[in-house]
Amino acid sequence: MKRLTFYRNLALSNWFAFSIATVASLMLTHSTALQASGVKQTKGDFVDKFRQLDEYLPTPNQYRNAAGEPGTDYWQQKVDYKIDATLDEKARRITAKQRVVYHNNSPYHLKYLWLQLDQNRFKSDSIAERTVEFGGIGRRGPATRKIGEGDKAGISLGELRRMQWLEDNQPGYVFSSITNADGEDLTHTIIGSQMRIDLPQALKPNSRFTFDLAYAYNILEENAVSARAGYEHFPDDPRKGGNDIFLLAQWFPRLQAYSDYEAWHNKPFLGRGEFTLEFGDYEVNMKVPADHIVASTGVLQNPEQVLSKKQQARLEQAKTAKRPVFIVTQQEALANEKSAAKGTKTWRFKAENVRDFAWSSSRKFMWDAKGYQQEGAEHPLVMAMSFYPKEGGDLWKKYSTEAVVHTMQVYSRFSFDYPYPTALSVNGPVGGMEYPMITFNGPRTTWHEGGERTYTLAEKRFLIGVVIHEIGHIYFPMTVNSDERQWTWMDEGLNSFLDGVACREWDEKIPWGVEPRDVVDYMKSDIQVPIMTQSDSVLKLGPNAYTKPAAALNILREVILGRELFDFAFREYAQRWKFKRPTPSDFFRTMEEASGVDLDWFWHGWFYTTDHVDISIDHVYEMQLETMDPKVVFGNDRKFEDDKPTPLFVEKNKDAGTKTWVELNKDIRDFYDKYDRFTVTNKERNEYRQLLADLKPVERRVLERAAKDKKFYYVVNFSNLGGLVMPILLSMTDKNGKNHEYYIPAEIWRRSPHKVSKLIVSEKKLTSFTVDPKWETADVDIENNMYPRRIIPSRIEAFKSEPRKGHAYRDIMHDIKAEKEEPKVKVQKK
């Protein structure tokens, strides 16, 4: 045990500080205190973890102010589209005519317009195709294996299939005309997956330009190419030639965004960083086979022409139903699968104030719907709807539409009322993608002999989670219109944080993988880049853009700000930037301005560095309070000496019966054989009485109270091994087994970012200390969080070479029906 000594600072004339000692009391100055904590102050090694972020952020201006809200002169462009599209099912081809009205709301004259031609990304001469590294990062799923990562270099069958499909088919747009509203050809230049249209004359501020496009392209096979959209073929369906599900996205030439902070956003699409677009109004007509069902962005304008009266009645019934109502039943969908209907139908949709437009078409679809009421909103009734084939089974029937409604209920608490009249979940070959009012989601059931369809817990979790995530994207970035190509985390990270809230509010027992503990492996890895890295340069997109920022926001809400402050600030951000285009600085500034808390250290550490959280408890010193009474001081010194282990030399000599010289010569004695070095003399007693006499009354009361309270004093030394400064969540256990929580704000690291010490005063004797006992801060090493250290728990398992799958991936729904069998005995051959 070390001792804690009160001492009098003569300059300030009060009881000023504490010190620690071993044999004698040691009065510490500031420099010796630094040495005791292990910090070496050397010239030039100080890192200011609390440096103000405004030194890095763009300077506030009239478009975006210092509070993080749109400025007095904020502007954004508007683009309206009218499209007539025809789906040729046999040829798997889209043909379309498109009128575009571009509204220039900027204060600048525009000489040209930039368009995205995302279908051109798949052409062999595109930047995206030519810059894929062999064995490198860039494909969704393992495509190639470098030499040195096994016995041989390798290429997957999936990658070979992709190469062959692109070789056998011609991707990309074929334009038949690009004209102004009067039919006059417009000068244009196609550069990979972008096109520049040169205007006949500069487009003035607050004016508009109208032009027309006519084009066609071959629809990609999604399962072969991995394109976020395309068709999926079902060759085993009873209809001759099988059936397809078509998911149409990035399907029409779209205007690039033009903003106050970047001008034209004309970075080419390389396959990862998604899109930022302008809001506008859409009128889209889709001519499809007569037996197809179409799901789309917008509101259906002609239900009487494409739906039966019975289906229209069901749609009306669904508006007030407690559970989803089938608009197209399973029986009707199965009948359609077998049909050979001829002719076409045209489905007409309108969408207002959306930044994109997507749709899906198939004869395989069942369709269910349920009304979601949000009183007082711009859209008091939202139709939540799901479209899926028989392969979706009970998994989709039970959970898809309900998950759509649940998402809106949760997200609206954190942002604003759902901003559109419909919210769709569509099953197809895309695992998960989002567009205004419509999402594509991939999980399905497994078919077994006998016709049974089952699903694993993992598939259930996948469906609920992906529907929540993709519907959540209708809030971020389809409404809060951030630029994912530049800052992926601004929609994926924020959305992953909110889907984590919604998923846990759905069923807290399902392991959703959204806790701070779920990002620690990535945070201590050597494949990190800062969250702020541009999307196409990120090494591991999932943990970097989804999991890490979501964990950061979860920590900000639950640990640093608290729910009340965080929720208010986050909602303020969402409402400020609803139907507008925010940047990271707008988010950072709003969260600080609305919460009233300086968070620059947090944004810098989590978003601009690859530091990780690793706070270690290095030492804990238990201190004894001394009042300078020599009787007590010297008595404690004697006890401290007596408590030391007997030296091994002395112990072995006694065991051997060896006598010391003193023991053999007892006739020789002196003063020090009667009085040891801990004897108190009148000199010490007089000095102590004089010390008490010199005390002021207030100082005497302080000393007497401290002696009477008999509290326990501990000095805890912490190290910041990961570099990322964080609050210290300290849990202490007393001798009765009761836990005591102690919160130390991150600002304790502001002058010493590597090592700090903290005095803990307790009413009870403490036996152990733990940092972050509930794993709330993404600390990568929980073993150094404990003092005293623990024996590390682990498991050893006997196994053959086959790896064990996770519990959630077992098809328990099917396997539980298996009959109990006796093990089969293998006959050994002689």
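Each residue is numbered by its place in its chain's sequence as written, counting from 1. It should be noted that, the model being predicted, local features are given only for residues of pLDDT at least 70 and side-chain atom pairs only at 80 or more, the latter also being counted only at that level, while totals for whole chains, interfaces and linings use all residues. Note that water and hydrogens are dropped before the side-chain values are worked out from all heavy atoms of the structure.

Peer 1: Quick question: what am I supposed to make of the sheet that holds strand 12 (residues 194-203) here?
Peer 2: Here we have 4 strands laid out as an open sheet, ordered 11-12-7-16, and antiparallel in their pairing. Both outer strands of the open sheet, strand 11 (188-191) and strand 16 (254-255), are each paired with one neighbouring strand and no more. Here 6 bridges tie strand 7 (residues 110-116) to strand 12, and the two strands are oriented antiparallel to one another. Residue Leu110 lies in a different strand from strand 12, and its bridge partner there is Leu203. Here the rule is simple: two strands pair whenever DSSP picks up at least two bridges between them. A run of H or I in DSSP counts as a helix once it spans at least four residues, and a run of E counts as a strand once it spans at least two, with each numbered from the N terminus.

Peer 1: I keep staring at the packing of helix 8 (residues 393-414) against helix 13 (residues 563-576) and nothing clicks. Help me out?
Peer 2: For any two helices packed against each other, one specifies the inter-axial angle together with the distance between the axes. Note on method: axes are straight lines fitted to C-alpha atoms, helices fitted across the in-contact stretch only, with angles between N-to-C directions ranging 0 to 180 degrees. Helix 13 packs onto helix 8 with a crossing angle of 95° between their chain directions and a minimal axis gap of 7 Å. With respect to helix 13, the element helix 8 is oriented roughly perpendicular. Seen from helix 8, the contacting residues are Ser412, Arg413 and Phe414; seen from helix 13, they are Asp567, Phe570, Arg571 and Ala574. Of the residues contributing to the contact of helix 8 with helix 13, the split by class is 3 nonpolar, 1 polar and 3 charged. Any angle that falls under 35 degrees is termed roughly parallel, while one over 145 is termed roughly antiparallel, one within 65 to 115 roughly perpendicular, and all others oblique. By definition in these notes, contact holds between two residues if any of their heavy atoms fall within 4.5 Å. Gly counts as polar in this scheme, as do all residues outside two lists: the nonpolar Ala, Val, Leu, Ile, Met, Phe, Trp, Tyr, Cys and Pro, and the charged Asp, Glu, Lys and Arg.

Peer 1: Looking at this structure, I do not really get the packing of aromatic side chains. What am I missing?
Peer 2: The way to describe two aromatic rings as a pair is by their centre distance and the angle between their planes. We call Phe, Tyr and Trp rings a pair once their centres come within 6.5 Å, taking the six-membered ring for Trp, and we label the pair stacked below 30 degrees between planes, edge-to-face above 60, and tilted otherwise. Per the counting criterion, the structure on display carries 56 aromatic pairs. On the basis of an interplanar angle of 70° and a centroid distance of 5.5 Å, the ring pair of Tyr173 and Tyr217 is categorised as edge-to-face. With a gap of 44 residues between them, Tyr173 in the loop between helix 3 (157-168) and strand 10 (174-180) and Tyr217 in strand 13 (residues 207-218) connect regions that are remote in the sequence. For every residue, the accessible area (1.4 Å probe, protein chains only) is compared with the maximum for its type, and the residue is labelled buried under 20%, exposed over 50%, or partly exposed between those bounds. Exposure remark for Tyr217: the relative accessible area of 2% places this residue in the buried category. Between Phe252 and Tyr282, the ring centres sit 6.0 Å apart and the planes meet at 80°, which makes this aromatic pair edge-to-face. Taken together, the positions of Phe252 in the loop between strand 15 (243-248) and strand 16 and Tyr282 in strand 19 (residues 280-289) put the pair 30 residues apart, joining distant regions of the chain. Tyr282 shares its class with Phe252; the two are buried. Comment: the charge-over-ring label is applied if NZ (Lys) or CZ (Arg) is within 6 Å of the ring centre and within 35 degrees of the ring normal. The aromatic ring of Phe275 is capped on one face by Arg254, whose charged end is 4.6 Å from the ring centroid. Positioned above the aromatic ring of Phe234 is the side chain of Lys364, whose terminal nitrogen or guanidinium carbon lies 4.2 Å from the ring centre.

Peer 1: It is not clear to me how the pairing of strand 20 (residues 293-296) should be interpreted in this structure. Could you clarify?
Peer 2: In summary, the side chains of a regular strand alternate between the two faces of the sheet. Taking every second residue as pointing to the same face, both faces of strand 20 are buried, with Ile293 and Ala295 on one and Val294 and Ser296 on the other. The pairing of strand 20 with strand 24 (residues 359-362) spans 4 bridges and is antiparallel. Paired with Ile293 across the two strands is Ser362, which belongs to strand 24.

Peer 1: What's the story with empty space enclosed by the protein in this structure? I'm lost.
Peer 2: Rolled over the atoms, a probe with the dimensions of a water molecule shows which regions are left empty. Grid spacing is 1 Å over the protein atoms alone, the probe is 1.4 Å, and a cavity is where that probe fits but cannot get out, while a pocket is an open set with protein on both sides within 12 Å along at least five of seven lines and lining residues have an atom within 4 Å of a point. Grid points are joined across faces, edges and corners, and a volume is the space filled by probe spheres set on the points. Applying the stated criterion across every chain, the model contains 3 cavities of 30 Å³ or more. Counted as a void, the largest cavity has a volume near 90 Å³. Forming the walls of the largest cavity are 14 residues, and the residues nearest its centre are Gln119, Leu220, Ala229, Gly230 and Ala249. For the lining of the largest cavity, the residue count by class is 10 nonpolar, 3 polar and 1 charged. Taken as a whole, the second largest cavity encloses approximately 70 Å³ of empty space. Classifying every residue of the lining of the second largest cavity by side-chain character gives 1 nonpolar, 5 polar and 5 charged.

Peer 1: It is not clear to me how the sheet that holds strand 25 (residues 366-373) should be interpreted in this structure. Could you clarify?
Peer 2: Either a parallel or an antiparallel arrangement is found when strands of a sheet pair, and the pairing is made through backbone hydrogen bonds. Spatially, the 6 strands line up as an open sheet ordered 22-25-26-27-29-28, and their pairing is mixed. Each edge of the open sheet carries a strand with a single partner, namely strand 22 (325-328) and strand 28 (432-435). Each strand of the sheet is rotated relative to its neighbour by a mean of 20°, with strand direction disregarded. One ladder, built from 3 bridges, connects strand 22 with strand 25; its direction is antiparallel. In the sheet register, Val328 faces strand 25, and the bridge partner there is Trp367. Taken strand by strand, helix 7 (residues 330-338) contacts strand 22 and strand 25, and its axis lies near 25° from that of strand 22. Across the sheet, helix 9 (residues 457-472) is in contact with strand 27 (422-427), strand 28 and strand 29 (438-441); its angle to strand 29 comes to roughly 150°.

Peer 1: Hey, could you run me through unusual backbone geometry in this one?
Peer 2: Most of the time, phi is negative for any residue but glycine, and the peptide bond is trans. Here the bond from Phe476 into Pro477 is cis, since omega is 15°, no more than 30 degrees from zero. Inspection of the secondary structure puts Pro477 in the loop between helix 9 and helix 10 (489-506). In the segment running from Tyr787 into Pro788, the intervening peptide bond is cis, with an omega of 0°. A positive phi angle, close to 60°, is found at Asn206, a residue other than glycine. Structurally, the position occupied by Asn206 is in the loop between strand 12 and strand 13. For Asn206, a relative accessible area of 67% gives the class exposed. Despite not being glycine, Phe579 shows a phi value in the positive range, around 60°. Mapped onto the fold, Phe579 is located in the loop between helix 13 and helix 14 (584-595). Residue Phe579 is classed as buried on the basis of its relative accessible area of 16%.

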